[in-house]
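Remarks on the overall topology
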Amino acid sequence: MIEERCDVLVVGGGPAGLVAAREACAADPGLDVLVLERDRAVGAPGRCGEGVGSKGVSEFLDPAGASWISRRITKVIFWAPDGTEVRVAEGDVGYILDRTRFEPALAAEAGREGAELRTGTEVIALTRDAAEASGYQWIARVRGPRGEGFVRARFVIGADGVESMVGRWAGLDTRVPARDMESCAQYVVSGIEFDPDAIYLHFGDKVAPGGYAWVFPKGVGVANVGLGIVALKGAGRPAREWLHSYLDDYFPTGTRTGYTVGGVIVHTTVKRTVADGLIPCGDAAHMINPLSGGGIVTGMKAARLAGRHAAAALAAHDTSASRLQRYHEEWMSLLGEDHERFYRIKEALNKFDDDFYNRLARTVNGIAPDRRTLGRVFAQALIQHPSLLPVAARYFV
Ligand SMILES: Cc1cc2nc3c(=O)[nH]c(=O)nc-3n(C[C@H](O)[C@H](O)[C@H](O)COP(=O)(O)OP(=O)(O)OC[C@H]3O[C@@H](n4cnc5c(N)ncnc54)[C@H](O)[C@@H]3O)c2cc1C
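Here the structure is a predicted model, which is why all the values come from computation and not from measurement.

What the chain contains, in helices and strands, is 10 helices and 15 strands. In summary, the chain has a C-alpha radius of gyration of 22 Å against a globular reference of 21 Å for 397 residues, a match within 12%. Dimensions of the chain, computed from C-alpha atoms along their principal axes, come out at roughly 65 × 45 × 45 Å. Per-residue burial for the chain yields a buried fraction of 53% across its 397 residues. Residue pairs at least 24 apart in sequence account for 70% of intrachain contacts in the chain once pairs closer than 6 positions are excluded. For the chain, the separation between the mean place of its 46 positive charges and that of its 49 negative charges on side chains is 2 Å.

The subject of this paragraph is the pattern of salt bridges. The tally for this structure, following the rule as stated, stands at 30 salt bridges. Measuring nitrogen to oxygen at the nearest pair gives 3.0 Å for the salt bridge that ties Arg-71 to Asp-197. With Arg-71 in strand S4 (residues 69-79) and Asp-197 in the loop between strand S10 (181-190) and strand S11 (198-202), this residue pair connects regions lying 126 residues apart in the sequence. The class for Asp-197 is partly exposed, based on a relative accessible area of 27%.

Moving on: the domain arrangement of the chain. Segmenting the chain into domains produces domain 1 (2-46 + 100-176 + 270-340), domain 2 (71-93 + 178-265) and domain 3 (347-396). With 14 residues of domain 2 in contact, the opposing surface of domain 3 contributes 10 residues. Both faces considered, domain 2 and domain 3 share a buried interface measuring about 1000 Å² in area, 44% of it formed by carbon and sulfur atoms. A per-residue breakdown of the area domain 2 buries against domain 3 is headed by Pro-81, Val-86 and Val-88, which together make up 34% of the total. Run the count over domain 2 and domain 3 and you get two salt bridges. The residue Arg-179 makes a salt bridge to Glu-347 at a minimum N-O spacing of 2.9 Å. For the pair domain 2 and domain 3, the number of links is five residue pairs in polar contact (both at pLDDT 80 or more). When its residues are assigned to classes, the side of domain 2 that touches domain 3 shows four nonpolar, three polar and seven charged.

What follows covers the site of the ligand. Not every one of the 34 residues close to the ligand is listed here, only the nearest: Ala-16, Glu-37, Gly-49, Gly-51 and Asp-283. The contact in question runs from an oxygen atom of the ligand to an N or O atom on the backbone of Ala-16, over 3.0 Å. Between an oxygen atom of the ligand and a side-chain N or O atom of Arg-99, the distance comes to 3.1 Å. Within the complex, the protein chains bury 90% of what would otherwise be the 1000 Å² of accessible surface of the ligand. Mapped onto the shell around the ligand, the elements with two or more residues apiece are helix H1 (15-27), strand S7 (122-128), strand S12 (212-219) and strand S14 (255-265). No other element matches S14, which puts three residues into the shell around the ligand. By residue class, the composition of the shell around the ligand is 12 nonpolar, 13 polar and nine charged.

Buried residues dominate S12, accounting for seven of its eight residues. Pairing geometry for S12 and strand S13 (residues 222-230), over seven bridges, is antiparallel. When the sheet's bridge partners are listed, Ala-213 is paired in S13 with Leu-227.

A separate point is unusual backbone geometry. Looking along the chain, the bond that leaves Ala-44 and enters Pro-45 is cis, with omega of 0°. By the element assignment, Pro-45 lies in the loop between strand S2 (33-36) and strand S3 (51-53). The phi dihedral of Ala-235 falls on the positive side, at around 50°, and the residue is not glycine. Within the secondary structure, Ala-235 sits in the loop between S13 and helix H5 (239-250). Taking relative accessible area as the criterion, Ala-235 reaches 66% and is therefore assigned exposed. In the Ramachandran plot, His-286 falls in the positive-phi region, its phi being about 60° despite a non-glycine side chain. Tracing the backbone shows His-286 in the loop between strand S15 (278-280) and helix H6 (296-315).

Calculation rules
Residues numbered from 1 in each chain as written. Predicted model: local features only at pLDDT ≥ 70, side-chain atom pairs only at ≥ 80, totals over all residues. Heavy atoms only, no water. Helix = DSSP H or I, 4+ residues; strand = E, 2+ residues; numbered from the N terminus. Rg over C-alpha atoms; globule rule 2.2 N^0.38 Å. Buried < 20%, exposed > 50% of the residue type's maximum accessible area, 1.4 Å probe, protein only. Contact = heavy atoms within 4.5 Å. Lys, Arg positive; Asp, Glu negative; His and termini not counted. Charge placed at Lys NZ, Arg CZ, Asp CG, Glu CD. Salt bridge = Lys/Arg side-chain N within 4 Å of Asp/Glu carboxyl O. Domains from an automatic or database assignment. Buried area = accessible area lost by both parts, 1.4 Å probe. Polar contact = N/O pair within 3.5 Å; in protein donor to acceptor, adjacent residues only side chain to side chain. Nonpolar A, V, L, I, M, F, W, Y, C, P; charged D, E, K, R; others polar. Near = heavy atom within 4 Å. Areas by Shrake-Rupley, 256 points an atom, 1.4 Å probe, with all protein chains shown as cover. Pairing = 2+ DSSP bridges.

Below, the structure is given as structure tokens:
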């Protein structure tokens, strides 16, 4: 069997894995960095609404004239359960990506820095050889076009997404409570009418229990239309059925193409994100905004830290978990602690019924559009429901 060696093995070629590889190479061009991706191409098949904030994504790739942008978004519109429309933001809001081009663009950057990407190659097991003296402490069993083999690595970055195994193989607790796992389904729908400069978020127990439905424009008359539900609240119906009902009700004449399903972890960062010579990042470590379910930019921000910490630990000849704990701490102060606050808000909001949201939407529409900040929306929610106060206190204080 083939046996290879590398300094840093990155498992998974999604946004997080590709950024981690780029950052590790950029921090130390002498490192031999290998990314293994089990799909035959990066960025496909797409399992995503593809919405990102413009500021966040610009930290990683230049959006000027970029082919990986399907649509520039300048408006955010909420639909209350009864259909009341609330416009909450206007301006440079974000982009709808084309992930079939976005991940290749990230891969090209990683390649330019010196990382090697191998697609169609899956890591099927990972073990640690603690007695190994030369520092190549991790042994990955891999299956690729040339059959099975082994990769020995001095450091492993687990960027293997929502169904991550790397963390588990390393003994980290990456379990997700069932109530914090959303099942999502999405179609690309064409021939429908909506404002192509806006994203729409639609709430309600009859729309998407425990989650929300979205319309993210890919172009004029074409959008990613999907929803996420918490399975425990879904009355035994899978996300796909909820989506079919939604499309029948709201976009009955649209042509459905490009179906996709997937899970989104709406939980907080795993409690322990480091092992000796190994760190997970992105979805693999639950580094997702638990209120929105957005994980592309947050995953890349975590991956940037992961790549840098891997390179620094190798340079210092100290890849111990105790040294790597700094990675966890930096992530928690960057975004992890915000996610804990967002999680508490999500928990509090989950207690309210459709009636509450319908009333809130009407009250917010009473605020002049140019004064409709999220803070003011939240203040209205507090006036209507003082039980939110403890959450607000924890969030704003
Ligand atoms: C329906 C849906 C809609 C979404 N919409 C949005 C959105 O609009 N905006 C947003 O920000 N987020 C959205 N998300 C979440 C977003 O897709 C993820 O948070 C993001 O992709 C995380 O990036 P990642 O690199 O951590 O993981 P991933 O993008 O999942 O990449 C992990 C990669 O690892 C590979 N892999 C896994 N195991 C192995 C293995 N053993 N060996 C080799 N390769 C492996 C996988 O094939 C995959 O390519 C959505 C998710 C779903 C399911």
